[in-house]
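Structural description and commentary
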Amino acid sequence: MTSPSAAKFGRSPADVDLSVAIGAIRLRNPILAASGTFGYGLEFAHLVDLTSLGGFVTKGLSLEPMEGAPPPRLCETSSGMLNAIGLQNVGVRAFVKEKLPALSKFDVPVLANVFGYCLEDYSQVIRVLEDAEGLAGYELNISCPNVKKGGLQFGGDPAMAAEVVRAARKAAANRPLWVKLSPLVADIGLMAKAVEAEGADALTVANTYPAMAVDYRTGRSRLGNLTGGLSGPAIKPITLRLVWEASKAVKIPVVGLGGIETAADVLDYVTVGAAAVQVGTASFADPQTSERLRSELREALFESKMFTINELRGKFPAEIG
Ligand SMILES: Cc1cc2nc3c(=O)[nH]c(=O)nc-3n(C[C@H](O)[C@H](O)[C@H](O)COP(=O)(O)O)c2cc1C
């Protein structure tokens with residue numbers, strides 16, 4: 001519904017331009033569906049108009065198919081959710097053959113989320129994708145253990161993160177490369193700079209937080225795995241700071257995500273510097289969240305007398321004073 005203030009401007013929320021550019025990728029609006037929370041997109045096509053999304057990030061893809069972790073894989077926590085999916089996926093070759101042809105018929109930018117357990121895994125997955133048509137770019141998930149370095153996370157150390165981005169950049173000659181950072185770092189600014197220096201086109205901040213939930217009666221984990229990753233509203237204030245810190249540290253665009261449920265959440269991320277956002281856990285409660293957010297964003301910006309989303313970006317000061 002158009003508010004009384006609309007008459008004042010002679011314009012309406014429909015005039016608000018939500019389009020953003022993340023490097024070479026143009027998005028109709030700044031809301032992407034986050035990796036692992038929207039399958040391969042196709043599963044949601046009967047529930048959601050996929051073309052209403054700014055973009056879509058696939059479930060993480062590995063070189064070989066993976067069965068994932070034992071059930072239960074999800075559990076609710078206060079203001080959040082824990083997951084231990086174990087990166088189950090069909091494998092990159094089956095994705096290219098069985099999912100991508102149908103997915104690429106939808107007029108929406110699709111990014112393939114890529115992960116591995118050594119440098120070569122990342123490069124090989126990207127090489128398979130480079131030969132396929134219908135992708136807008138790649139998102140590298142570096143919150144994975146490097147089995148060749150004693151299981152330390154690629155994303156936990158700037159030197160290791162730089163190494164994996166260098167390898168991926170070499171393989172990804174034809175498409176933009178986004179790098180999704182782990183929130184478990186001492187200095188997100190250092191990490192962001194290390195990744196930018198290796199040629200990343202954008203950063204996605206951030207992944208889930210290692211966490212656990214137990215049942216004292218049984219003395220067992222509430223997940224099939226002992227621990228999982230925390231997402232949802234509980235993490236928003238923590239990740240918001242990471243997005244602010246990362247945005248200050250680099251020139252490339254930062255895509256923020258963590259606990260977004262409302263238009264105000266989206267605008268908070270944009271205020272601290274995000275150029276776009278992703279929605280994950282909220283899609284579990286309502287797969288149409290991103291569609292709803294798109295119209296709520298227009299209303300909220302219009303009410304604040306703004307006609308492009310970029311007017312708000314980075315409004316929050318870099319320093320006190
Ligand atoms: C069930 C589930 C599966 C996920 N799988 C992936 C994945 O395969 N790759 C990845 O980079 N992130 C994955 N994530 C992390 C999300 O993309 C996102 O970073 C995180 O959930 C925080 O956003 P949210 O609070 O909006 O959910 C997954 C999250 C959930 C809840």
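My aim in this report is to walk through the structure given alongside it, one point at a time. (Residues numbered from 1 in each chain as written. Predicted model: local features only at pLDDT ≥ 70, side-chain atom pairs only at ≥ 80, totals over all residues. Heavy atoms only, no water.)

Another point: the site of the ligand. Close contacts around the ligand come from 25 residues, with Ser35, Lys180, Gly232, Gly259 and Thr281 the closest. Gly60 places a polar main-chain atom, nitrogen or oxygen, 3.2 Å from an oxygen atom of the ligand. For the ligand, an oxygen atom lies 3.0 Å from a polar atom in the side chain of Asn113. Against a free-state accessible area of 620 Å², the protein chains account for coverage of 97% of the ligand. Across the shell around the ligand, the residue classes tally to eight nonpolar, 15 polar and two charged. (Near = heavy atom within 4 Å. Polar contact = N/O pair within 3.5 Å; in protein donor to acceptor, adjacent residues only side chain to side chain. Areas by Shrake-Rupley, 256 points an atom, 1.4 Å probe, with all protein chains shown as cover. Nonpolar A, V, L, I, M, F, W, Y, C, P; charged D, E, K, R; others polar.)

What follows concerns the packing of helix H6 (residues 236-249) against helix H7 (residues 263-271). Relative to each other, H6 and H7 sit at 30°, their axes nearing to 9 Å. It follows that H6 is roughly parallel to H7 by the angle criterion. On the side of H6, the interface is formed by Lys236, Thr239, Leu240 and Val243, while H7 contributes Asp265, Asp268 and Tyr269. (Axes fitted to C-alpha atoms, helices over the stretch in contact; angles between N-to-C directions. Helix = DSSP H or I, 4+ residues; strand = E, 2+ residues; numbered from the N terminus. Parallel < 35°, antiparallel > 145°, perpendicular 65-115°, else oblique. Contact = heavy atoms within 4.5 Å.)

Once that is clear, we can look at the pattern of salt bridges. Applying the stated criterion across every chain yields a total of twelve salt bridges. The shortest N-O distance in the salt bridge between Glu64 and Arg93 comes to 3.8 Å. Within this pair, whereas Glu64 is found in the loop between strand S4 (55-57) and strand S5 (74-77), its partner Arg93 is found in helix H2 (residues 92-103), the two being separated by 29 residues in sequence. A residue is classified by how much of its surface remains accessible, and Glu64, at 46% relative accessible area, is partly exposed. Among the salt bridges present, the one from Lys236 reaches Asp265, with a minimum N-O distance of 3.0 Å. In this pair, Lys236 sits in helix H6 while Asp265 sits in helix H7, placing the two residues 29 residues apart along the sequence. Residue Lys236 is classed as buried on the basis of its relative accessible area, which comes to 12%. For Asp265, a relative accessible area of 11% gives the class buried. Taken together, the shared-partner salt bridges connect Lys236, Asp265 and Asp268 into one network. (Salt bridge = Lys/Arg side-chain N within 4 Å of Asp/Glu carboxyl O. Buried < 20%, exposed > 50% of the residue type's maximum accessible area, 1.4 Å probe, protein only.)

Reading across from one edge, S5-S6-S16-S13 is the order of the four strands in this open sheet, with antiparallel pairing throughout. Of all the strands in the sheet, just S5 and strand S13 (209-211) have a single pairing partner and so form its edges. Taken pair by pair, the neighbouring strands of this sheet meet at an average axis angle of 35°, ignoring direction. Sheet topology note: the S13/strand S16 (residues 228-231) ladder contains three bridges and is antiparallel. Within S16, the position partnered with Ala211 by the bridge is Gly228. (Pairing = 2+ DSSP bridges.)

Counting 92 residues, the largest nonpolar core has Leu129, Leu140, Val179, Leu181, Leu203 and Val205 as the members making the most contacts within it. Setting aside residues up to four positions removed in sequence, Val205 forms contacts with Leu181, Ile188, Thr239, Leu242, Val243, Ala246, Val254, Val255, Gly256 and Leu257. Cys75, Leu82, Ala213 and Leu223 belong to the second-largest nonpolar core, a separate cluster that totals five residues. (Core = buried A, V, L, I, M, F, W, Y, C linked by side-chain atoms within 4.5 Å.)

Where strand S6 (residues 80-83) meets S16, three bridges bridge the pair, whose relative direction is antiparallel. The partner of Leu82 across the bridge, within S16, is Leu230.

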